[in-house]
Structures are given as C-alpha cells and as structure tokens.
Amino acid sequence: MRARITATGSYLPEKILTNFDLEKMVDTSDEWIRQRTGIEIRHIAEDEPTSELAAKAALDILKNSSLSASDVELIIVATVTPDQPLPATALFVQERIGAYNAFAFDINAACSGFIYALSIANAYILSGFVKNAIVIGAETLSKITDWTDRSTCVIFGDGAAGVLLEATDGDRGILSMVLHSDGRYTDLMRVPAPGSRIPCSKEAIENRDIYIKMKGNETFKMAIRSIASVSKEALDIAGMDFKDVDWMICHQANKRIIDGVARRVGLDEDKAIITIDRHANTAAASIPLAMDWALKTGKIKEGDIVLLNSFGASLTWSASVVRW
Ligand code: COA
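Parameters and conventions
Residues numbered from 1 in each chain as written. Predicted model: local features only at pLDDT ≥ 70, side-chain atom pairs only at ≥ 80, totals over all residues. Heavy atoms only, no water. Axes fitted to C-alpha atoms, helices over the stretch in contact; angles between N-to-C directions. Helix = DSSP H or I, 4+ residues; strand = E, 2+ residues; numbered from the N terminus. Parallel < 35°, antiparallel > 145°, perpendicular 65-115°, else oblique. Left-handed = near helix turned anticlockwise from the far one by under 90°. Contact = heavy atoms within 4.5 Å. Nonpolar A, V, L, I, M, F, W, Y, C, P; charged D, E, K, R; others polar. Buried < 20%, exposed > 50% of the residue type's maximum accessible area, 1.4 Å probe, protein only. Polar contact = N/O pair within 3.5 Å; in protein donor to acceptor, adjacent residues only side chain to side chain. Core = buried A, V, L, I, M, F, W, Y, C linked by side-chain atoms within 4.5 Å. Domains from an automatic or database assignment. Phe/Tyr/Trp six-rings, centres within 6.5 Å; stacked < 30°, edge-to-face > 60°. Lys NZ or Arg CZ within 6 Å of the ring centre and 35° of its normal. Expected span 1.5 Å × (residues − 1). 1 Å grid on protein atoms, 1.4 Å probe; cavity = no way out; pocket = protein on both sides within 12 Å on 5 of 7 lines; lining within 4 Å. Points joined across faces, edges and corners; volume = space filled by probe spheres on them. Near = heavy atom within 4 Å. Areas by Shrake-Rupley, 256 points an atom, 1.4 Å probe, with all protein chains shown as cover. Sits in = over half its atoms within 2 Å of the grid points.

Okay, the packing of helix 3 (residues 50-63) against helix 4 (residues 89-97) next. Direction vectors running N to C along helix 3 and helix 4 enclose 50 degrees, while the axes themselves pass 9 Å from each other. By the angle between their axes, helix 3 is oblique relative to helix 4. For the pair helix 3 and helix 4, the crossing hand works out as right-handed. Listed contacts from helix 4 to Thr-50, Ser-51, Glu-52, Ala-54, Ala-55, Lys-56, Ala-58, Leu-59 and Leu-62 of helix 3 are Thr-89, Phe-92, Val-93, Arg-96 and Ile-97. Residue composition of the contact of helix 3 with helix 4, by class: eight nonpolar, three polar and three charged.

Pasting the structure below:
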C-alpha cells in the first residue's frame, strides 16, 4: 500500500506588492531584488488570517477531488504564522470547511513544514490509522515581517496550498521520505517573541523582536549543499538517480538556490518548477503552491517522478520522491 496525492488546491490573497512598491518603503531596487532572489511580486493577506487562506486552499482541494468534507479523516496545517497560539489553525480550517469527522492539528518546521506534514500523513496512511488526509502549508508571513528591514522584507509573501493524500494499492504515490533537523543553528532564522522565552511586552515590540531575523547569507550557503544531499538520500531510498527525475519542486526561497541545486546535481534547469518570481518565499506554502501550479498548467503528468525538497529555519531540511 502507498499514499498518493490525488488532488491539490491553492489560494493566494488578492493584494499584490511589487518590487517597485518596496522601492518606496525601503532602500532597495527592483533590479537588486530580481537579480539576488528572482522575485518580482508577492501576495499579501490584508484582513484574512492564515486559517482563511488555508480553508480556501482546502476547499479548492476538495473541489478537485472525489471526496466531500465529511469524508476527510485528518487535517494537518504546516505554518509558522498560526492564527493565534491556541487553538491550532487546523481547527479553524476544520470548522470553516465543515470536516467534522476529521481530527486536526498544526506543525511547525518552517519552510520544510509541508514535507514534514506530508511525512506524518504518509505514516498514518501506511499504518492504516487513516485512509486520507488533507495536508496544507499556509502562511501570512507579512504579519511577522519587519517592513523597515530591507534584508528580509523583500523576500517573503503570503499564500496557502495543499494536497489530499489517499491510501492506494497501485505503484503511484510517495516512494520515499527523508527529514533532517539541526538545533545547533537556531539563531540563523528566528522570530524571538512573543513566546515563553520573551513574552509579549512593550519592550519586545520596541526591540522589533516580534519580526523575522535572518542571517541570509549564511543560510544561503548551507541551503544548496543540504538540499542536494537530502535529495540524493531520498532518491537512493527510492532506488533512483537524478536522471530519473522529471520535475523538481524545491522550496522557493531564492531562484539562485534552486539554480544552484540543479547545477550541483546535474539536473536540467527546465525540470525545476519556478514560482518564486510571483509568489516569493511563502515558507510552508511554497512547495504545494508550486505543485498546484505545475499540475494546473499541465506540466506534471501521470507517472512522472517528482522530487520535492526543502530547507528552512533553522535548520530543517527534507526531501521526498513521488511517482505521480
Ligand atoms: N536591496 C538592496 N541591497 C540589499 C538588500 C536589498 N533588499 N538586502 C541586502 N542588501 C545589501 C546588503 O546590505 C549588502 O550590502 P553591502 O555589501 O554594502 O554590505 C549586499 O546587499 C549583500 O548582502 P547579502 O546579505 O550578502 O546578500 P545576498 O546575496 O546573500 O542576498 C538574501 C540576501 C537574503 C536574498 C540571500 O542571502 C538569501 O536568499 N538567503 C537565503 C534565505 C533562505 O533560504 N532562508 C531560509 C529558508 S526560508
């Protein structure tokens, strides 16, 4: 038995922020952002919380599937921007879509969140615990972005997307899954407050501790190597090589990282799905957003070998091989 992705769905908030808009906010330029990151625009959630984005993605998934909301057994939302500390964002999604027979919870593995969540749903399905699961990556990173810090505010965006994973007897589905983390690097990317270390206070706000802090260049250097090596691990487990890969869906953090990974492993650049130009970095949402786009535009076809890989705060990295 395997777990197979049988439907995808996505939602992007209406408001678009261009590089030219950012030129008016911080000392940056469209040219610098395009050249250093590949980003042209990003979507920004205004009045919608993360659960609303996630619920709209879930409704799109259900529309593209043969299941109704009452058939769903599990909902996992991967996010670093939950609606509130508790309850879990996944419960707001459950309520909004009316999937009352499911159980629901959130996970946080930053930009690796989608693959981590997919691995949990995969394990539950393989063990027979559930027959299906909706797995969503959803973020409103604009809410934890320091809009006065040019080194971070140009790279993030908001959005949500996900998949329906179902038990299947065929040979299509998830072939391998590899997850890594290293707690020695928690200072590379973090949002220090509010939390149990630094509770909500006037001082935390004044110190701008409530926003993303990132050592971008150090993170960049580790990303290419880590994504390449975890991808090889996942392909080895599946008994495959990079030459077997039809499509690579990498976490969309920086176009130069994706190009660097492709070069390092000898993968044709055309096989890398690119959506960073119009979505920017949406953390846990970036891989399912790219996947949904690649399916809806007819790139990924039945039987294709799809390599998913990610790198995120801090540090998490992961890969999965899927036969579509
Ligand atoms: N506009 C113009 N100049 C900028 C800028 C901006 N938005 N942001 C930084 N700069 C400047 C810096 O001040 C620096 O100037 P200096 O040389 O005069 O000191 C110069 O550009 C280079 O800065 P650096 O931080 O080395 O740039 P970079 O090439 O590493 O690009 C990132 C920055 C953030 C785009 C890149 O490091 C990155 O993508 N990192 C990985 C992010 C990531 O994967 N995160 C984890 C997963 S989400």
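From this point, the narrative continues.
Another aspect to go through is helix 9 (residues 255-265). What helix 9 keeps buried is the set Ile-257, Ile-258, Asp-259, Gly-260, Val-261, Ala-262 and Val-265. The secondary structure elements touched by the buried residues of helix 9 are helix 8 (216-237) and strand 11 (247-250). For helix 9, the N-terminal cap is Asn-254; the gap from its side-chain oxygen to the backbone nitrogen of Arg-256 is 2.8 Å. Residue Gly-266 follows helix 9 closely and has a positive phi angle near 75 degrees.

Bringing the nonpolar core into the picture now. Among the nonpolar cores identified, the biggest contains 34 residues, and Phe-114, Leu-118, Leu-165, Ile-249, Met-291, Val-306 and Leu-308 are the most heavily contacted of them. Residue contributions to this core peak at seven residues, all from helix 5 (residues 113-126). The residues that make up this core include at least three from each of domain 1 (2-170) and domain 2 (175-323). Residue contacts for Phe-114: discarding those within four places in its chain leaves Ala-78, Val-135, Gly-137, Gly-162, Val-163, Ala-284, Ile-287, Pro-288 and Met-291. Phe-220, Ile-227, Phe-242 and Phe-311 belong to the second largest nonpolar core, which has 31 residues in total.

A few words now on the packing of aromatic side chains. Under the counting rule described, the total for this entry stands at four aromatic pairs. Ring centres 6.1 Å apart and planes at 45 degrees place the aromatic pair Phe-103 and Tyr-124 in the tilted group. On the criterion of sequence distance, the pair formed by Phe-103 in strand 5 (residues 103-107) and Tyr-124 in helix 5 is long-range, its members being 21 residues apart. Ring plane angle 65 degrees and centroid distance 5.1 Å describe the contact between Tyr-124 and Phe-129, whose orientation is recorded as edge-to-face. Connected via pairs of aromatic rings, a cluster forms that spans Phe-103, Phe-105, Tyr-124 and Phe-129. Note that Arg-278 overlies the ring of Trp-293, its terminal NZ or CZ placed 4.4 Å from the centroid.

Between its terminal C-alpha atoms helix 3 stretches 20 Å, which fits the 20 Å expected from 14 residues at 1.5 Å a residue. Across the 14 residues that make up helix 3, a large majority, 11, are buried. Listed in full, the buried residues belonging to helix 3 are Thr-50, Ser-51, Glu-52, Leu-53, Ala-54, Ala-55, Ala-57, Ala-58, Asp-60, Ile-61 and Leu-62. Residues of helix 3 that are buried in the fold lie against strand 1 (2-11), helix 4, strand 6 (132-140), strand 7 (158-168) and helix 11 (286-296).

What follows is about the layout of surface pockets. Of the volumes computed, that of the largest pocket is approximately 1,100 Å³. Together, 34 residues line the largest pocket, and Val-80, Asn-108, Ile-144, Arg-190 and Val-191 are the ones closest to its centre. For the lining of the largest pocket, the class distribution of residues is 19 nonpolar, 10 polar and five charged. Shared between two domains, the lining of the largest pocket takes at least three residues from each, and those domains are domain 1 (2-170) and domain 2 (175-323). Volume-wise, the second largest pocket comes out at about 500 Å³. Taken together, 26 residues form the lining of the second largest pocket, with Ile-155, Met-214, Gly-216, Phe-220 and Asn-254 sitting closest to its centre. Elements represented by at least two residues in the lining of the second largest pocket include exactly helix 2 (30-37), helix 6 (150-153), helix 8, helix 9 and strand 12 (305-312). Looking at the lining of the second largest pocket, the element that brings in the most residues is helix 8, giving six residues.

For the ligand, the set of nearby residues contains 23 residues, the closest of which are Thr-28, Arg-36, Arg-150, Asn-217 and Asn-254. A distance of 3.1 Å separates an oxygen atom of the ligand from a polar atom in the side chain of Arg-256. In the complex, 74% of the free accessible area of the ligand, which totals 960 Å², lies under the protein chains. Put simply, the ligand lies in the second largest pocket. Of all the elements in the fold, those that place two or more residues in the shell around the ligand are helix 2, helix 6, helix 8, helix 9 and strand 12.

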